[in-house]
Every structure is written in structure tokens, then in C-alpha cells.
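# A look at the structure
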Amino acid sequence: MAPEQLIAFATFAFVASATPGPNNVLLTAVGSSVGIRRGMPALWGIVFGFAAMIFALAIGLGGTLFTIAYVMDAIRIVGVLVLLWLAWKIATAPVGPPASGDALRPRDIGRRGGFIGAALFQWVNPKAWIVAAGAITAYMQPGGESAVYQAGTLAGVFIVAAAIGCLPWLAFGAAVGTLLENPKLARSFNIVMAVLLIASMVPVILERT
């Protein structure tokens, strides 16, 4: 890929990763629970999980899936249902000082606070599918290098750009975590995170691909 295309895709990947969405709401919730260091597995799970998704779709599935409207609609519906369930888990997560010492444990938000859970979450995240579709259709060149090489390049660039774009959300969650020792504040924060997660689904619901 030409340097200018790599720069354009890196910008696209950073903006897609840094803007509000299910992944960043999840990172904020995890950061408020366990801090930056213990929240890094979730961040790397999101980054590598999404990169793997782009790679897999670019070399095989994407060209077929993205041309079938009802498949994308089904993905969107399933993703929205999963995100609604996750929003409920966040809003109703235990607050206060439990025996483990964590006010909001990653397992209380759908077991997606770890590397594997966050990586698998990408496959039911409708925003991830839309971003992947945009990246593949805009930056893959059928007449250029091999599909594997292009897919690997996109995945590698995304890893760097997304890590930079997502880290501030984890850091923000960690920064406010110390304020959430008060159960009332913790409950309010959880509810706000749940509402933001639901709000992040509005563009996905309205999107037509």
C-alpha cells in the first residue's frame, strides 16, 4: 500500500477508535473498576480482537457478507441485543466495597473485562462491523498486492492507531474510579455508562449498509 493510503487508514482507524462507542464505554467502566494496569488486558483484547476481525473479513468473509443486506441486518440486531444486555449489567453491577475490594468487577459487566472476552466482544459489536466494512471497502485494492498482505497491513496499522485512540478512555475511567467509593456516586456512574452505551447504538440502528 502507498504511504498516503497508510496515513489515511491510520487516521481513519484512530478516529474510529477514539470516538464514543461500545468499546470505549466498556473501557471506561473497566478502568473505573480496576485501574489502568489491570484494565490493559481489556484494551489489548479490543485492539487485537478488532484487528483479527478486519484481517479475517478482508481475506475471505468480507466481500460476501458486506453485499448481503439481510446478513448485515441480522448482525446489527444481534449486536444491539447484546449491547442492551451489557448496558443492563453495567447499570445493575454491585457497588460499594464487596469482599474482593472491587466496586465494579469485570465479570459483573458480562465477563468482557479480560483479553479474551473483549476480543470476542468485537464479533457482536455492530459498530465494529460497520467500521470493518468501511475500512475494507475503502482501503482494500483488488488489483494491488495480495489480499493477505493488504489485510495484514490494515490489521497492523489498526493495532497501533486503536491502542492510542482507546487508551484515554481507560485512563479516564481509572481517574474517576477513586471518586466512586461512595456507593451513590458509583451507582450514578454505572447508570450514566449504561445510558451512554445505549446512546452509542443509535447511529448503528439508523445506519444502512
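Okay, so let's go over this structure. Everything numeric here is computed off the predicted structure, so don't read it as measured data.

Turning our eyes to something else, we now look at a nonpolar patch on the surface. On the surface, a cluster of nonpolar side chains totalling about 600 Å² of accessible area is made up of Trp-44, Phe-48, Phe-115, Ile-116, Leu-120 and Trp-123. Listing elements by their share of the nonpolar patch, those giving two or more residues are helix 2 (22–65) and helix 4 (115–121). Among the elements that take part in the nonpolar patch, helix 4 stands out by supplying three residues, more than any other. You can see Trp-44 is positioned in helix 2. Exposure remark for Trp-44: the relative accessible area of 33% places this residue in the partly exposed category.

Here we take up the packing of helix 1 (residues 3–18) against helix 5 (residues 126–139). Here helix 1 crosses helix 5 at 170 degrees, and the two axes come no closer than 11 Å. The angle between helix 1 and helix 5 places the two elements in the roughly antiparallel class. Between helix 1 and helix 5, the contacting residues are Gln-5, Ala-8, Phe-9, Phe-12 and Ala-16 on the first element and Lys-127, Val-131, Gly-134, Ala-135 and Tyr-139 on the second. Within the contact of helix 1 with helix 5, the residues separate by chemical class into seven nonpolar, two polar and one charged.

Procedures and definitions
- Residues numbered from 1 in each chain as written.
- Predicted model: local features only at pLDDT ≥ 70, side-chain atom pairs only at ≥ 80, totals over all residues.
- Heavy atoms only, no water.
- Patch = residues over 30% accessible without salt bridge, like charges linked within 9 Å, V, L, I, M, F, W, Y side chains within 5 Å.
- Areas by Shrake-Rupley, 256 points an atom, 1.4 Å probe, with all protein chains shown as cover.
- Salt bridge = Lys/Arg side-chain N within 4 Å of Asp/Glu carboxyl O.
- Helix = DSSP H or I, 4+ residues; strand = E, 2+ residues; numbered from the N terminus.
- Buried < 20%, exposed > 50% of the residue type's maximum accessible area, 1.4 Å probe, protein only.
- Axes fitted to C-alpha atoms, helices over the stretch in contact; angles between N-to-C directions.
- Parallel < 35°, antiparallel > 145°, perpendicular 65-115°, else oblique.
- Contact = heavy atoms within 4.5 Å.
- Nonpolar A, V, L, I, M, F, W, Y, C, P; charged D, E, K, R; others polar.

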